[in-house]
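A structural walkthrough
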Amino acid sequence: MSKVFQQKNHTVNALKNIHCTIYQGEMVAIMGTSGSGKSTLLNMISAIDEPTEGELFLFGKRAQDVYKEPNASKFRKENIGFVFQSFHLLKDLSVEDNIALPLILNDLPSKEIKVRVHQIMEQLNIEAWRKHRPTELSGGQQQRVAIARAIIANPPILLADEPTGALDVNTTDEILQLLVQLQKNMNQTILLVTHDPYVATYANRVLFFHDGAIVDSYQNNKTHEDLDCILTKFKLITRGDS
Ligand code: ADP
Ligand code: MG
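In what follows, the accompanying structure is described. (Residues numbered from 1 in each chain as written. Chains lettered and ligands numbered in written order. Predicted model: local features only at pLDDT ≥ 70, side-chain atom pairs only at ≥ 80, totals over all residues. Heavy atoms only, no water.)

**Thoughts on the overall build of the protein chain**
How we decide: Numbering of helices and strands runs from the N terminus, with a helix taken as a DSSP run of H or I at least four residues long and a strand as a DSSP run of E at least two residues long. We compute the radius of gyration over the C-alpha atoms and compare it with the globule rule, which gives 2.2 Å times the number of residues raised to the power 0.38. Three exposure classes are used, based on accessible area relative to the maximum for each residue type with a 1.4 Å probe and protein chains only: buried under 20%, partly exposed in between, and exposed over 50%. Throughout, a residue-residue contact means that at least one pair of heavy atoms, one from each residue, lies within 4.5 Å. For the accessible areas, the method is Shrake-Rupley and the probe is 1.4 Å, while residue cover comes only from the protein chains on display. We count Lys and Arg on the positive side and Asp and Glu on the negative side, and we leave His and both chain ends out. Where a charge lies is defined by one atom per residue type, namely NZ (Lys), CZ (Arg), CG (Asp) and CD (Glu).
Scanning the protein chain for helices and strands turns up eight helices and 10 strands. Taking 242 residues into account, the globule formula puts the C-alpha radius of gyration at 18 Å, and the protein chain, at 18 Å, falls close to it. Projecting the C-alpha coordinates of the protein chain onto the three principal axes gives extents of approximately 55 × 45 × 35 Å. The buried share among the 242 residues of the protein chain stands at 47%. Taking the intrachain contacts of the protein chain between residues at least 6 apart in sequence as the baseline, contacts between residues at least 24 apart amount to 68%. For the protein chain, the accessible area works out to roughly 12,700 Å², and carbon and sulfur atoms hold 49% of it. In the protein chain, 25 side chains carry a positive charge and 28 a negative one; their mean positions are 4 Å apart.

**Remarks on the site of ligand 1**
We count it as follows: Nearness of a residue to a molecule or strand requires only that one of the residue's heavy atoms be within 4 Å of it. Polar contact is the term for a pair of N or O atoms within 3.5 Å; when the atoms are in protein, one must be able to donate a hydrogen and the other to accept it, and sequence-neighboring residues count only if both atoms are side-chain atoms.
Close to ligand 1 lie F5, Q7, V12, A14, T33, S34, G35, S36, G37, K38, S39 and T40, which account for all nearby residues. In the environment of ligand 1, an oxygen atom lies 2.7 Å from a nitrogen or oxygen atom belonging to the backbone of G35. In the model, an oxygen atom of ligand 1 is placed 3.1 Å from a nitrogen or oxygen of the G37 main chain. Summarising the interface, the protein chains cover 62% of the accessible area of ligand 1, which totals 560 Å² for the free molecule. Residue assignment for the shell around ligand 1 shows that the elements contributing at least two residues are β2 (11-15) and α1 (38-45).

**Here we look at the pairing of strand β3 (residues 27-32)**
Put simply, the rule is: Two strands form a pair only when DSSP identifies at least two bridges running between them.
Counting buried positions along β3 gives six out of six residues, so the element sits mostly inside the fold. Of the two faces of β3, both are covered, the one formed by M27, A29 and M31 as well as the one formed by V28, I30 and G32. When β3 meets strand β8 (residues 189-193), the two strands line up parallel, connected through four bridges. Among the inter-strand pairings, M27 is bridged to a residue of β8, identified as I190.

**Description of the pattern of salt bridges**
The test is simple: We count a salt bridge whenever a side-chain nitrogen from Lys or Arg sits within 4 Å of a carboxyl oxygen from Asp or Glu.
Applying the stated criterion to the full structure yields 11 salt bridges. In this structure, K16 engages D211 in a salt bridge whose closest nitrogen and oxygen atoms are separated by 3.1 Å. Taken together, the residues K16 in the loop between β2 and β3 and D211 in the loop between β9 (205-210) and β10 (213-219) connect sequence positions 195 residues apart. What makes K16 partly exposed here is its relative accessible area of 37%. Classification of D211 by relative accessible area gives partly exposed; the value is 45%. Put simply, E26 and R205 hold a salt bridge, and the shortest N to O gap is 2.7 Å. With E26 in the loop between β2 and β3 and R205 in strand β9, the pair connects residues that are 179 residues apart, well separated along the chain.

Purely spatial values, then, with no claim about function.
Set out below in structure tokens:
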């Protein structure tokens, strides 16, 4: 896949013929310097933006005409859950209404929505906050709500752009453990963008982005070596030696 942004006076090659396969049930971390194309890739995967060249395959099948509306919205609704650094919750809605939103948009019967929302709040341990507004919650609690909303419609792919970027160390652990739990219990495929090597240790595999290309990768073996290896590889990239 390639993506070229045509500006008035210059062009940006945001993705340079990259190729990657994400396996079902895998958690992959994407690391890279600022402007290396991480968000652009997430936008291509979620059909928010169209690649200049290349294709997207889901479950081994070419996702056809996925970059044209109304297909793009449908594809996103059915396949992608999003988690952001800044939570993106609707501040005027209660926790349970925020979580219910994707199901309401999917026109599910309200009885079914109620059951499903209740289930997921229990699973993510946020039941006690169901009537609260997001602003009354801590950052970690808000991110739990955002994760609940992202997965309530059972999307095959969960995309998370710096999901722990606004959280303190302890809460970061809590949220990462929650993601691992989703991966283990629900076989949730997760693609996680981060600049933090520690966060990347929670993934199965790390892809290193630099200047629009995947320049390196690392398979975590879940030992204390992982952090050092990731840090070393990341340092090489940021120094531009790779
Ligand atoms: P990252 O998420 O890794 O920080 P991005 O994917 O946001 O990087 O951006 C990659 C490159 O593409 C950057 O040089 C950025 O300035 C450029 N870019 C991203 N979006 C646009 C856009 N809509 N128009 C023009 N250039 C863009
Ligand atoms: Mg980005």
